[in-house]
Amino acid sequence: MALPSVLKDRLRLPLVAAPMFIVSNPDLVIAQCKAGIVGSFPALNARPKEALEEWLKRITEELAAYDEANPDAPSAPFAVNQIVHRSNDRLEHDLEVCVKYKVPIVITSLGAREDVIEAVHSYGGIVLHDVIHNGFAKKAISKGADGLIAVAAGAGGHAGSVSPFALIQEIREWFDGPLLLSGSISTGKGILAAKAMGADLAYMGSAFIATKEANAVDGYKHMIVESSSDDIVYSSYFTGIPGNYLKPSIRAAGMDPDALEHGSPEQMNFAAASKKEGVSAKAWKEIWGAGQGVGGVKSIQSTGDYVAQLREEYEAAKQALLAD
């Protein structure tokens, strides 16, 4: 499928690193971009809100310096995730800062708004909107989004429940634009499989928690390495929206992961989360999110080394298929 130049010409692996609440920081984003994949972070991670400009200034300046020193292998572009939810009282401020720094890619979640998309388009940026089913996908494109992120069953964070095979198939019946796939991807083989199903790029988050640059405590990183799909629970209890979490972290908080009550969407509060308060913030700080693909993560290593491993796995998988 045709990709915009920002996603086609500067990637050394067809991969976008997903923005993760609390975990994604400038160190991780810069390392991801230098390794040749799109790095990203949620705007709400920069706290207080004035820190967002500091983060964007550092990221743009460090990547520009890297590109000047490495003209034959420049960095990949970066992305900022904007939560388009009624409780996010920072959206207007954060969007203004993104426009000021001309953020190449904006990832929107929990709502598609034409004014947000128009603001990004005003300087030539592109908008990718994450969706959990085909209906949301059609709505996002009708609002003007440039591409879609299909968040399928097994993805970390606020994941969907639809099989990646079904979700990609249904979206591709009517949409031939940029399409990314999220859900249990943690190896180079998984990246190739996403492309084989019809996605242009893979979208991976949980595996990057177990990198040296990630803003996660050691216990979280080790739990990622030690866990498998059996250790993941899908629940709406913590934020009101269904998501995947690590069972051991739930037990450590004194709860039974197999006996959680259902939550309500009304309890989702990104205004509180942006101030490190309330249920939503605690959900990610104390109850650790992760997708079902954690079984593919075998060690804690630098982002550069991990992306290099993914590239080797990806190329080996392609060669193996060609040999059959």
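Refer to the structure printed above.
The structure presented is a predicted model; accordingly, all values stated were derived computationally and were not measured.

**Q** Just give me the short version of the packing of aromatic side chains, but keep the residues and values in it.
**A** For the structure shown, the criterion picks out six aromatic pairs. Between Phe 208 and Tyr 306 the ring centres are 5.4 Å apart and the planes differ by 80 degrees, which places this aromatic pair in the edge-to-face class. Placement of Phe 208 in the loop between β8 (201-204) and α9 (218-226) and of Tyr 306 in helix α13 (residues 303-323) is noted, with a sequence separation of 98 residues between them. Grouping residues by exposure puts Phe 208 and Tyr 306 together as buried.

**Q** Account for the environment of Asp 146, with residues named and values stated.
**A** Turning to its location among the elements, Asp 146 is positioned in the loop between α6 (134-143) and β6 (147-151). Between the C-alpha atom of Asp 146 and that of Asn 81, which follows or precedes it by 65 residues, the distance is 15 Å. For Asp 146, the side chain forms a polar contact with the side chain of His 121, separated by 2.7 Å. Here Val 127 takes part through its backbone nitrogen, which lies 2.7 Å from a polar atom of the side chain of Asp 146.

**Q** Run through the sheet that holds β8, naming residues and quoting values.
**A** The eight strands are arranged β1-β8-β7-β6-β5-β4-β3-β2 in an open sheet whose pairing can be described as parallel. Sheet topology places β1 (15-17) and β2 (39-42) at the edges, where each strand pairs with a single neighbour. The average undirected angle you get between the axes of adjacent strands in this sheet is 25 degrees. Sheet topology places strand β5 (residues 126-131) next to β6; four bridges connect them, and they run parallel. Across the sheet, residue Asp 130 finds its bridge partner in β6, namely Ile 149.

**Q** Describe the pairing of β2, listing the residues and the values that go with them.
**A** Taking every second residue as pointing to the same face, both faces of β2 are buried, with Gly 39 and Phe 41 on one and Ser 40 and Pro 42 on the other. Bridging between β2 and strand β3 (residues 78-83) involves four bridges; their strand directions are parallel. Residue pairing for β3: Ser 40 is matched across the bridge by Ala 79.

Reading the values: the criteria
Residues numbered from 1 in each chain as written. Predicted model: local features only at pLDDT ≥ 70, side-chain atom pairs only at ≥ 80, totals over all residues. Heavy atoms only, no water. Phe/Tyr/Trp six-rings, centres within 6.5 Å; stacked < 30°, edge-to-face > 60°. Helix = DSSP H or I, 4+ residues; strand = E, 2+ residues; numbered from the N terminus. Buried < 20%, exposed > 50% of the residue type's maximum accessible area, 1.4 Å probe, protein only. Polar contact = N/O pair within 3.5 Å; in protein donor to acceptor, adjacent residues only side chain to side chain. Pairing = 2+ DSSP bridges. Axes fitted to C-alpha atoms, helices over the stretch in contact; angles between N-to-C directions.

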